[in-house]
Amino acid sequence: MTIISLFLIFTLSLSRKAFLASAGEDPPPRFELIHRHSPQLSEREANAYSPPKNLSERVRQLIDGDIARQEMISQRLEDRRRRGRIRKASEISQHRTFNGTSNIVKIPLRSGADRGLGQYFVSFRVGSPPQKFVLIADTGSDLTWMHCNHKGENCPKDGLTPPNRMFQADASSTFKTIPCSSRTCKVDLQDTFSLSMCPTPDTPCAYDYSYFDGSKVRGFFANETVTAGSIDRRKKVRLKEVTVGCTDWANGNFHNADGVLGLGYGKNSFAATAAKLFDNKFSYCLVDHLSPSNFANFLNFGNTSKQHIQNMQHTQLILGELNPFYAVNVSGISVAGKMLNVPPEMWHIHGAGGVILDSGTTLTFLGEPAYAATVAALRAPLEKYKKLGHVLGPLRFCYNDPRFDMADVPQFVLHFADGAKFVPPKKSYVIDADVGVKCIGFASAGWPANTVIGNIMQQNHLWEFDLANHRLGYAPSTCDFHSQF
């Protein structure tokens, strides 16, 4: 299975006071997003996350993850088109970092995608006393779970023994199973594949959750306390009554992760529910994927700093249409100041197109009509440079000319329907694929298809998701947490 992004599930009935271990002036939580190529992950047993030996291997791994993820996204959205809605819980996503101030919770993100689950992992602590785990951060699902060992006599025991790193539920004083007879199980968790079986009123609420690649997990739901960092490095934030999955059976490849954090948009996802406690906002900032490993990405909850608000642009954030993905309303693309001739249906989310942001995808995938027009416009001033003799997966146009000058690359601009514009740095769409090799960093999604704005295109920007006002904010940023948040 592929590792993309992680989020914790929270019950909807929680008040802020009940959710925070201590009310008052405690800063909101923050989580670190760990990139899949981070040395932090290579230290784990089985060496499942070994950093690539060179740049070309790094790019190959990222592309392999993208291909699997695009299959997942296409399948999920095709299901929606056929049925008028997106099928529940299909596949795992990738990176995210969220940044904010006033009320801010912070989670660092590291990258972790190999087969469609995405590029980032999350480090977090659960239980009392806290137990530390590394989860796949998945923007394409809303179930948060970890491998779990619990000896309660009413708990399901479905098969396979979890790996060595598992949550010891009996060692936590705050672990509390959710009864299958409760409204939470029957109604609130229905979208997360809670099962209807309920042999006794106190039997834990069970789930059977499937991913697109055929991987499956089974277990039961419980409420627990999660401990996170904050903008104030001296303080920790304890979130109470977090709904998590205690998985006691898993079948598939989770790349030696301890579980998955579901970050997709949905009523039970950590993103939507935790944001309600902190001004209905979360944000993230992704550093350049080639940055040194000591540069961290963070996922934050709460308001963004005033410094970023001054430079921030806003556009409509479309929620509930392409769940669990976050969609935007694009009207066109320009290259070198000229609008490209792209059919309008490319951007219609109610038709065969539409545009989503996905931190679990590395490259930016354009529907074929937009891809052909964009690449043609970018290639024109680059014809004088020597081309690479072969293609690199979906990267069809690469150059290995020592004379290559980024000043010759025309400016790509994404235009939103409400007049806002996103102007990425050139290194976000003409990328380093190997030593001395530059590639036009767009891939074709085919047609019909959704356009996916990947994480390289998003890097070096702060992205703020205002869920209450359906508004997406974005601003250039160095993603330096200590100087900016």
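Residues numbered from 1 in each chain as written. Predicted model: local features only at pLDDT ≥ 70, side-chain atom pairs only at ≥ 80, totals over all residues. Heavy atoms only, no water.

Draft legend 1. Fine view of the pattern of salt bridges. Enumeration according to the criterion identifies seven salt bridges in this entry. Here lysine 216 makes a salt bridge to aspartate 208, at a shortest N to O gap of 3.6 Å. Judged by relative accessible area, which is 24%, lysine 216 ranks as partly exposed. The partner of arginine 218 in a salt bridge is aspartate 208, with the nearest N and O atoms 3.5 Å apart. Residue arginine 218 is located in strand 10 (residues 216–230), and its partner aspartate 208 is located in strand 9 (residues 206–210); the two are separated by ten residues in the primary sequence. For arginine 218, a relative accessible area of 23% translates into the label partly exposed. Classification of aspartate 208 by relative accessible area gives partly exposed; the value is 22%. Each of Asp208, Lys216 and Arg218 takes part in a single network of salt bridges with overlapping partners. (Salt bridge = Lys/Arg side-chain N within 4 Å of Asp/Glu carboxyl O. Buried < 20%, exposed > 50% of the residue type's maximum accessible area, 1.4 Å probe, protein only. Helix = DSSP H or I, 4+ residues; strand = E, 2+ residues; numbered from the N terminus.)

Draft legend 2. Expanded view of the state of the cysteines. This model, assessed by the stated rule, comprises four disulfides. Across the disulfide, cysteine 148 is cross-linked to cysteine 246 (sulfur-sulfur distance 1.8 Å). Handedness here is read from the sign of the S-S torsion; for cysteine 148 and cysteine 246, about -75 degrees, the answer is left-handed. Taken as a pair, cysteine 148 in strand 6 (residues 145–149) and cysteine 246 in strand 11 (residues 237–251) lie far apart in primary sequence, 98 residues in all. In terms of burial, cysteine 148 and cysteine 246 fall into one category: buried. A sulfur-sulfur distance of 2.0 Å marks the disulfide that ties cysteine 398 to cysteine 439. Across the disulfide from cysteine 398 to cysteine 439, rotation about the S-S bond amounts to roughly 105 degrees, and the bridge is consequently right-handed. Taken as a pair, cysteine 398 in strand 21 (residues 398–399) and cysteine 439 in strand 25 (residues 437–440) lie far apart in primary sequence, 41 residues in all. Cysteine 439 carries the same exposure label as cysteine 398, and that label is buried. (Disulfide = S-S within 2.5 Å.)

Draft legend 3. Summary view of helix 5 (residues 270–277). Where burial is concerned, most of helix 5 is hidden: seven out of the eight residues are buried. Listing the buried residues of helix 5 in full gives Phe270, Ala271, Ala272, Thr273, Ala274, Ala275 and Leu277.

Draft legend 4. View of the nonpolar core. Phe301, Ile333, Phe442, Phe465 and Leu467 are the most contacted members of the largest nonpolar core, which totals 77 residues. Those residues in contact with isoleucine 333 that lie beyond four places of it in its chain are Lys338, Met339, Leu340, Trp347, Leu366, Ala370, Thr374, Phe412, Val413, Leu414 and His415. (Core = buried A, V, L, I, M, F, W, Y, C linked by side-chain atoms within 4.5 Å. Contact = heavy atoms within 4.5 Å.)

Draft legend 5. A look at the packing of aromatic side chains. Tallied over the entire structure, the rule returns 19 aromatic pairs. Between phenylalanine 282 and tyrosine 326, the ring centres sit 5.9 Å apart and the planes meet at 70 degrees, which makes this aromatic pair edge-to-face. Of the two residues, phenylalanine 282 sits in strand 13 (residues 281–285) while tyrosine 326 sits in strand 16 (residues 326–328), which places them 44 residues apart along the sequence. A relative accessible area of 0% places phenylalanine 282 in the buried class. Judged by centre distance (5.9 Å) and plane angle (50 degrees), the rings of phenylalanine 416 and tyrosine 474 are tilted. Pair noted here: phenylalanine 416 is in strand 22 (residues 412–416) and tyrosine 474 is in strand 29 (residues 471–476), with a separation of 58 residues, a long-range link. Each member of the pair, phenylalanine 416 together with tyrosine 474, is buried. Taken together, the ring pairs connect Tyr265, Phe282, Tyr284, Phe301, Tyr326 and Phe465 into an aromatic cluster. Across the ring face of tryptophan 249, the terminal group of arginine 218 is positioned such that the distance to the ring centre comes to 4.1 Å. (Phe/Tyr/Trp six-rings, centres within 6.5 Å; stacked < 30°, edge-to-face > 60°. Lys NZ or Arg CZ within 6 Å of the ring centre and 35° of its normal.)

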